[in-house]
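Fold and contact review
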Amino acid sequence: MKNVLISGGAGFIGSRLCEKLFERGYKVTILDNLSTQIHGDNDSSLLEKIKDKCIFIKGDVRNKSDWIKAIKNQDFIIHLAAETGTGQSMYDISNYTEVNVLGTAKMLEALSETRSKVKKIILASSRAVYGEGKYMCLKKERFLFPLQRSEKDLKNAQFEIKDNNSLLKYVATDENSELQPLSIYAINKLQQEQMVLFMGRTLGIQVVCLRYQNVYGPGQSLSNPYTGILSVFSTRILNNNNIDIYEDGLQTRDFVYIDDVVEATTLAIKKNIICNEIINIGSGTSTTVKDVANILKKYFQSNIKISISGKYRVGDIRHNFADITKAKEILNFSPKFNFQEGVINFVQWVKNQNIMRDNYDNSVNELKEKGLLK
Ligand SMILES: NC(=O)c1ccc[n+]([C@@H]2O[C@H](COP(=O)([O-])OP(=O)(O)OC[C@H]3O[C@@H](n4cnc5c(N)ncnc54)[C@H](O)[C@@H]3O)[C@@H](O)[C@H]2O)c1
C-alpha cells in the first residue's frame, strides 16, 4: 500500500482525489486548516464525506512542524493547499503569498530537514501562469503571446486582443508558451512551480507540476464568492439574483470537469515519469462566459435576468484554453466529460445542497473599493 499526503485535501479537488485514491488502495493523509472561506464556520461537509477514508491532520501549511508531522512515511505529496481567488489576491497580497509561497517553502524545508522517503511531489499549478496565453497573427502567420490588455482598450470596449490593429486568433496554449502571470495568485503559482522544481532536483524528489484550467463540478464551494464561476452563478440563480456578466460575455475559459482532473492527478502519481515535468490539464476546448450563464439558467429553470455590463476587472484575461497533447503523451490522459455532461452532473449536485447565502455583491464591492473593477 502506498502512502500519499494531500495538502488542502479537504477542499474541492482534494476531497474528490482522496475518495479516488482510497478506492484505488492508497493510504491517504490530509493536511488542511479548514479555511473558513471554503468550509464555513461549522463542520466541513467535504471533510465529513471523506473522514473515514483518510487520516486527517488539522494543520497549516505555514507551520513547518505540521508538515514534519504530515510527511512522515509518505511516498507521495500532492500539494493543493492554497488561497485561490485571482481577484482577491490583488489586495490580500501578503496572505496569499504567505499561504502559497511561504507554505511551499515550509514544505520544502520539512523535506530537506527530515529523512523523508517522499519520491514524488505533484504540485497543483494553474493556467493563470500563462496570462493571455497563445495567439496567432492571421496576417503574418506567426504565434504571439500578448501582454495584458490596456486600460484604454478596455474602457473603449475593445475587449478582443489585437496586434497593430490586426486581429489575433486565440489558439491552444501549450507548456512552452511564454509565461505572463497577471495576478498575485498567478505569480504565487509560478513561484511555487520554480521552488518545487528546483528543490526537487536538489533533494532527489521527482516533481510534476499540473497546470489546471478552470475546474468545476460537484463539491465546489457554493459559498465562496471569490472563485469558481459556475458555483458563483449557481448561488446567484438560487438566491434569485440577476447575473451581471463582465465585458461582452464572449470571453472564454477552458472548463474541465472535476473527475477528469482527479484522473489526471492520479495518473501523475501512478505513472513512472522519467523527468520532472510541467503538464497542462484541461478539457482542451473553450466556452464563453455568456454560454455558462445561459446554460445554468436553463438547467435551473430560472427567471433571473442575465445582463452584459461592459464592466471589466483588472487582470482578467480574455481567452485561454489548454493544449493537452503533453498530458495525452505522458499521462495517457484524455478528458471523458464534455461541458454539457459535466454541467448536468454539477447542477444535479447543486440541487441537493442547501442554498448558500449569496456573498457575491460583497466581493464585487471589495474589488470596486480597491479600484480593481471598472
Ligand atoms: N479549482 C480550480 O479551478 C483550480 C484551477 C487551477 C489551479 N487550482 C489549484 O488547485 C488547488 C486546489 O484547488 P481547489 O479548487 O480544490 O481549492 P479549495 O479552496 O477548494 O481547496 C483548498 C484547500 O486548502 C485548504 N487551505 C487553505 N489555506 C490553507 C493553509 N494555510 N493550510 C492548510 N490548508 C489550507 C483549504 O481549507 C481548502 O480545503 C489549489 O492549489 C489551486 O490553486 C485550482
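For the structure, see preceding data.
I will try to describe carefully the structure that is included in this document. Please read all numbers here as calculations on a predicted model, not as lab measurements.

Attention shifts here to the overall build of the protein chain. Helices and strands together make up the secondary structure of the protein chain, namely 13 helices and 17 strands. For 374 residues, the compact-globule estimate of 2.2 N^0.38 gives 21 Å, and the protein chain sits close to it at 20 Å. Projected onto its principal axes, the C-alpha positions of the protein chain cover 60 × 50 × 40 Å. For the protein chain, contacts bridging at least 24 residues in sequence account for 85% of all contacts bridging at least 6.

With respect to spatial proximity, 27 residues lie near the ligand, and among them Gly8, Gly11, Phe12, Ala82 and Ala124 are the closest. Broken down by secondary-structure element, the contributors of at least two residues to the shell around the ligand are helix H1 (12–23), helix H2 (36–39), helix H5 (93–113), strand E5 (120–126) and strand E11 (214–216). Among the elements that take part in the shell around the ligand, H1 stands out by supplying three residues, more than any other. The residue inventory of the shell around the ligand, partitioned by class, reads 13 nonpolar, 11 polar and three charged.

With respect to the secondary-structure elements, Val292 resides in helix H10 (residues 289–299). Linking Val292 and Trp67, residues 225 residues apart in sequence, is a C-alpha distance of 39 Å. Not counting the four nearest positions on each side in its chain, Val292 is found in contact with Ile229, Leu230, Phe233 and Thr287.

For Asn165, the location among the structural elements is in the loop between strand E8 (162–163) and strand E9 (166–170). Look at Asn165 and you get exposed, because 6 C-beta atoms sit within 10 Å. For Asn165 and Val232, which are 67 residues apart along the polypeptide, the C-alpha to C-alpha distance reads 35 Å.

Moving on, we come to the pairing of E5. Judged by how many residues are buried, E5 sits mostly within the fold: seven of seven residues are covered. Strand direction decides the pairing type here: strand E4 (residues 76–79) and E5, joined by four bridges, are parallel. Bridge pairing links Ile77 to Ile121 in E5. Note on the crossover from E4 through H5 to E5: the handedness is right-handed. Looking at chain direction, E5 and strand E10 (residues 206–212) are connected through seven bridges and run parallel. Looking at E10, one finds that Ser126 is bridged to Tyr212.

Taken together, the buried positions of helix H4 (residues 64–71) are occupied by Asp66, Trp67, Ala70 and Ile71. Summarising the axial view, the buried residues of H4 lie within an arc of 120°, below the 170-degree limit, and thus occupy one face. The secondary structure elements touched by the buried residues of H4 are strand E1 (3–7), strand E2 (27–32), strand E3 (54–58), E4 and H5. Where H4 ends, the next residue or the one after it, Asn73, has phi of about 65°, a positive value.

Hydrogen bonds between backbone groups are what pair the strands of a sheet, and the pairing can be parallel or antiparallel. In space, the four strands of this open sheet follow the order E7-E6-E9-E8, with antiparallel pairing throughout. Where the open sheet ends on each side, the last strands, each with one partner, are strand E7 (142–144) and E8. Pairing of strand E6 (residues 135–137) with E7, which is carried by three bridges, proceeds in the antiparallel orientation. In the sheet register, Met136 faces E7, and the bridge partner there is Phe143.

Moving on, we get to the packing of helix H8 (residues 229–238) against H10. The interhelical angle for the contact between H8 and H10, taken along N-to-C directions, is 45°, at an axis separation of 10 Å. Judged on the interaxial angle alone, H10 and H8 are oblique. Taken as a pair, H8 and H10 cross one another with a handedness that is right-handed. Between H8 and H10, the contacting residues are Ile229, Leu230, Phe233, Ser234 and Ile237 on the first element and Val289, Val292, Ala293, Leu296 and Lys297 on the second. Grouping the constituent residues of the contact of H8 with H10 by class yields eight nonpolar, one polar and one charged.

The parallel open sheet is built from seven strands, whose spatial order is E3-E2-E1-E4-E5-E10-E15. Of all strands in the sheet, those bounded by a partner on one side alone are E3 and strand E15 (277–281). When strand polarity is set aside, the average angle formed by the axes of neighbouring strands in this sheet is 20°.

Conventions we followed
Residues numbered from 1 in each chain as written. Predicted model: local features only at pLDDT ≥ 70, side-chain atom pairs only at ≥ 80, totals over all residues. Helix = DSSP H or I, 4+ residues; strand = E, 2+ residues; numbered from the N terminus. Rg over C-alpha atoms; globule rule 2.2 N^0.38 Å. Contact = placed C-beta atoms within 7 Å. Near = placed C-beta within 6 Å. Nonpolar A, V, L, I, M, F, W, Y, C, P; charged D, E, K, R; others polar. Buried ≥ 20, exposed ≤ 12 C-beta atoms within 10 Å, placed from the backbone. Pairing = 2+ DSSP bridges. Right-handed = clockwise from strand over helix to strand, strands pointing away. Arc of directions from axis to C-beta. Axes fitted to C-alpha atoms, helices over the stretch in contact; angles between N-to-C directions. Parallel < 35°, antiparallel > 145°, perpendicular 65-115°, else oblique. Left-handed = near helix turned anticlockwise from the far one by under 90°.

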